[in-house]
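Fold and geometry: a report
Chain by chain, the residues run as shown.
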Amino acid sequence: MSVLIVTGGLVSAAETSLSGALRKSVLQWRASEAAWLDLKVKVVMAEPIAEAAVERLLGGAPPEAELLMRGRDTLDLPELAEVALATALDKEGLPYEAATVAELFADAPRRAALLARAEAVYLSTTLLRDLGELETVLSLVRRPGIKVVVGGSLGSVLAEDPPPGVDVVAVGYGELLVPALAAWARSGYRALTPPDGGLLTRRAGAWVLRSGLPAGTSLDGLDTPDWAAAARRRGRAGWKVVQYESVRGCPYRCAFCNYPFLFDDTRFRYKSARRIADDWTRYAQTCGTEVVSCLDSLFTVPPKRNRELCDILVARGTPVKWLCYARADDLADEETVAAMKAAGCVQVQIGLESGDPVVLANMNKRVTPEANLAALENCRKHGLTTVTTLIVGFPGETAATLERTFEHLRHGRPDFHFLATFSTRAAGVPVLEPESRARFGLRAASNPRTTAPYWDHDTMSCAQAGVHARALNRRLALAGTSLNAAVYYGGVLSYRPEMRAPLLAFQKRAAERGVLRRALFDPLNAFVDRRLAADVEAWLSGEPHPRSVSRPAAPEPLHA
Ligand code: SF4
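Definitions and cut-offs
Residues numbered from 1 in each chain as written. Predicted model: local features only at pLDDT ≥ 70, side-chain atom pairs only at ≥ 80, totals over all residues. Heavy atoms only, no water. Near = heavy atom within 4 Å. Nonpolar A, V, L, I, M, F, W, Y, C, P; charged D, E, K, R; others polar. Buried < 20%, exposed > 50% of the residue type's maximum accessible area, 1.4 Å probe, protein only. Helix = DSSP H or I, 4+ residues; strand = E, 2+ residues; numbered from the N terminus. Arc of directions from axis to C-beta. Contact = heavy atoms within 4.5 Å. Salt bridge = Lys/Arg side-chain N within 4 Å of Asp/Glu carboxyl O. Pairing = 2+ DSSP bridges. Axes fitted to C-alpha atoms, helices over the stretch in contact; angles between N-to-C directions. 1 Å grid on protein atoms, 1.4 Å probe; cavity = no way out; pocket = protein on both sides within 12 Å on 5 of 7 lines; lining within 4 Å. Points joined across faces, edges and corners; volume = space filled by probe spheres on them. Parallel < 35°, antiparallel > 145°, perpendicular 65-115°, else oblique. Left-handed = near helix turned anticlockwise from the far one by under 90°. Patch = residues over 30% accessible without salt bridge, like charges linked within 9 Å, V, L, I, M, F, W, Y side chains within 5 Å. Areas by Shrake-Rupley, 256 points an atom, 1.4 Å probe, with all protein chains shown as cover. Lys, Arg positive; Asp, Glu negative; His and termini not counted. Charge placed at Lys NZ, Arg CZ, Asp CG, Glu CD. Right-handed = clockwise from strand over helix to strand, strands pointing away. Expected span 1.5 Å × (residues − 1).

**Side note on the site of the ligand**
- Residues in close proximity to the ligand include Cys250, Tyr252, Cys254, Phe256, Cys257, Pro260, Ser297, Leu298, Arg327 and Lys365, which together make up its full environment.
- A per-class count over the shell around the ligand returns seven nonpolar, one polar and two charged.

**As for helix α14 (residues 334–342)**
- Among the residues of α14, Thr336, Val337, Ala339 and Met340 are the ones counted as buried. Seen from one end, α14 has its buried residues packed into an arc of 165 degrees, which puts them on one side.
- If you follow the buried residues of α14, they end up packed against α12 (303–315), β12 (321–326), α13 (328–331), β13 (345–353) and α16 (369–382).
- Positive phi appears at glycine 344, one or two residues downstream of α14, with a value of about 105 degrees.

**Looking at the pattern of salt bridges**
- Summed over all chains, the structure comprises 31 salt bridges.
- With its nearest N and O atoms 2.8 Å apart, the salt bridge here joins aspartate 529 to lysine 40. With aspartate 529 in helix α22 (residues 515–540) and lysine 40 in helix α2 (residues 36–58), this residue pair connects regions lying 489 residues apart in the sequence.
- You can call lysine 40 buried: its relative accessible area is 1%.
- Beyond isolated ion pairs, a larger network of salt bridges with shared partners links Glu47, Arg470 and Asp522.

**A word on the environment of alanine 34**
- Relative to the helices and strands, alanine 34 is located in the loop between α1 (18–31) and α2.
- Judged by its relative accessible area of 14%, alanine 34 is buried.
- In this structure, alanine 34 is in contact with Asn447, Thr450, Ala452, Tyr454, Asp535 and Trp539, ignoring residues within four places of it in sequence.

**What to know about the sheet that holds strand β14 (residues 385–392)**
- With parallel pairing, the seven strands of this open sheet are ordered in space as β8-β11-β12-β13-β14-β15-β18. Whereas interior strands pair on both sides, the edge strands pair on one side only; in this sheet they are β8 (241–244) and β18 (483–484).
- Where helix α11 (residues 273–287) meets the sheet, its contacts fall on β8, β11 (291–294) and β12, and the angle it forms with β8 comes to roughly 155 degrees.
- Docked against the sheet, α16 engages β13 and β14, running at close to 165 degrees with respect to β13.

**Focus on the layout of surface pockets**
- Taken as a whole, the second largest pocket holds about 360 Å³ of empty space.
- Along the walls of the second largest pocket sit 18 residues, with Lys321, Val346, Leu493, Tyr495 and Arg496 positioned nearest its centre.
- Top element by residues in the lining of the second largest pocket is β13. It accounts for three residues.
- Along the lines of polarity and charge, the residues of the lining of the second largest pocket split into seven nonpolar, five polar and six charged.

**Points about the pairing of β13**
- Taking burial as the measure, the nine residues of β13 include nine buried ones, the bulk of the element.
- In the sheet, β12 pairs with β13 via five bridges, with the strands oriented parallel. Considered in β13, the bridge of tryptophan 322 is made with cysteine 345.
- Where β13 meets β14, six bridges bridge the pair, whose relative direction is parallel.

**Looking at the packing of α11 against α12**
- As a packed pair, α11 and α12 sit with axes 8 Å apart at the nearest point and diverge in direction by 40 degrees. Considered as vectors, α11 and α12 are oriented oblique to each other. When the axes of α11 and α12 are compared, the crossing they make is right-handed. Along the contact surface, α11 presents Ala273, Arg274, Ile276, Ala277 and Trp280, while α12 presents Arg305, Glu308, Leu309, Ile312 and Leu313.
- Each residue belonging to the contact of α11 with α12 can be placed in one class, and the counts come to seven nonpolar, no polar and three charged.

**Points about a positive patch on the surface**
- A contiguous patch of positive charge, built from Lys240, Lys321, Lys341 and Arg496, is present on the exposed surface.
- Mapping lysine 321 onto the fold places it in strand β12.

**Quick notes on the packing of α2 against helix α21 (residues 500–513)**
- At their nearest, the axes of α2 and α21 sit 9 Å apart, and the two run at 95 degrees to each other. Relative to α21, α2 is oriented roughly perpendicular. Together, Glu51, Ala52, Val54, Glu55, Arg56 and Leu58 of α2 and Phe506, Arg509, Ala510, Ala511 and Arg513 of α21 make up the contact between the two elements.
- Taken together, the residues of the contact of α2 with α21 break down into six nonpolar, no polar and five charged.

**Focus: the pairing of strand β4 (residues 147–151)**
- Among the five residues in β4, four count as buried, and that is most of the element.
- Alignment of strand β3 (residues 118–124) against β4, held across five bridges, turns out to be parallel. Of the residues in β4, the one forming a bridge with tyrosine 122 is valine 149.
- Traced from β3 through helix α7 (residues 131–141) to β4, the parallel crossover comes out right-handed.
- Strand direction decides the pairing type here: β4 and strand β5 (residues 168–171), joined by two bridges, are parallel.

**Here's the deal with helix α4 (residues 80–92)**
- With 13 residues, α4 ought to run about 18 Å at 1.5 Å a step, and its terminal C-alpha atoms sit 19 Å apart, in line with that.
- Inspection of α4 places Leu80, Glu82, Val83, Leu85, Ala86, Thr87, Ala88 and Leu89 among the buried residues, and these make up the whole buried set.
- Positive backbone phi, approximately 70 degrees, marks glycine 93, located one or two places after α4.

Below you can see the structure in the form of structure tokens.
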């Protein structure tokens, strides 16, 4: 009898079976509500991928495109959550097995065998995007006599309203929660006690177990995920690429981002430079690791730690290459970029978000378009691959601001771009605060059963944003501005600057061919746009306008 760790997304970039992906999408569609925006986002993302596949078939693809499109550099890795949970369970001496959501779907006999041996399922929601997806996965793993524990990024939402069949919602730091869950298992599932500083409450028939917080801002006391053990479990010698996490929270407060509030915490906590360097050196020595992929949504802060880490890695002969998320204002400093490159950094992922200064200010991004451009220039000069993300439709967005974003990208020439439609899914982000809603006239449907709840604001609706995102993707391809990251996602690590020209030419050819666009994507988008516009109207017409919401009167001041 053991724990079954389940991680991964319902439909992911690692998908190898089209029929499997379609089956899961249909199940998710049935379990979700008001999902036309989610469908629009998927259709917009699928179009350039399908166009590239058709171009490869009809016109042939250059070797650079073949290499990147076939790449699976990071796709076949276990999720970091699995490795971290396994490390914690090893420490507790609790036996476990692990499977991804994709494996459970694809292999019914294996699923039955795993569940027959399991007494508890630990389900990570980190890559599940909404309650519709979660319930689809829960329906696979719920069995009489099996305890179901859910944790990860949906934890805080689930703690408010646990779905049926969940025994424990685990919120906060997994490293602190697993010892409490292991003690619960050892008690025969009779006594669940929260960690020191944690909390246990009962809600809708489930336990909500909160981890409490580490003392101080250092994360050096947390165990390092054991990738060598993960390799041994799979009969492998090691991992060429491993994922790593060194911070929790964020000192910034970008209006669309929930990272500063994840883990039931609002403080910025991080591992020291020396601890990171030690972990990476050990991965290189024990796992044959060549590349560390940092999942922290912000790795270059604090800048002092970043520089210290670079110095240590250089002194150790750069044991690994690495990639990370970084803020443009940090990379606008050329010395920082040069130091990162010297220390083995090969790729940075930058949230440019917009090329318009007003939209950036609305986002509270605390960065300027000029800093974005300086960062891109520095990275190009020092040979760091840039993977950039942009948000389409944030409050203040108009056709004119999107034109500025297009021009911004044309000047900045990042290697890769990814366009995300503005989302109001993450609860508790600053833009959803009443003051912000009133400022922007933002209405957002509260619907946890879809990844992309509907919204509109003074300058755009989500239905228009989807149309703009599709058009911008196409313009960027035709103008040869940058490569669509969705097309080359699996192989981005293999990208080299000299590949840019042939890849851009291939992308342009694929966009120009137009067979698929005319035959499939134009009519499909027209259909989805019509349904989306009607559904948005139906959902949002019931929402009070934020500027008409009456506020509670301010309390009377108290005088001593
Ligand atoms: S977008 Fe990046 S910098 Fe802004 S709050 Fe989120 S993690 Fe921090």
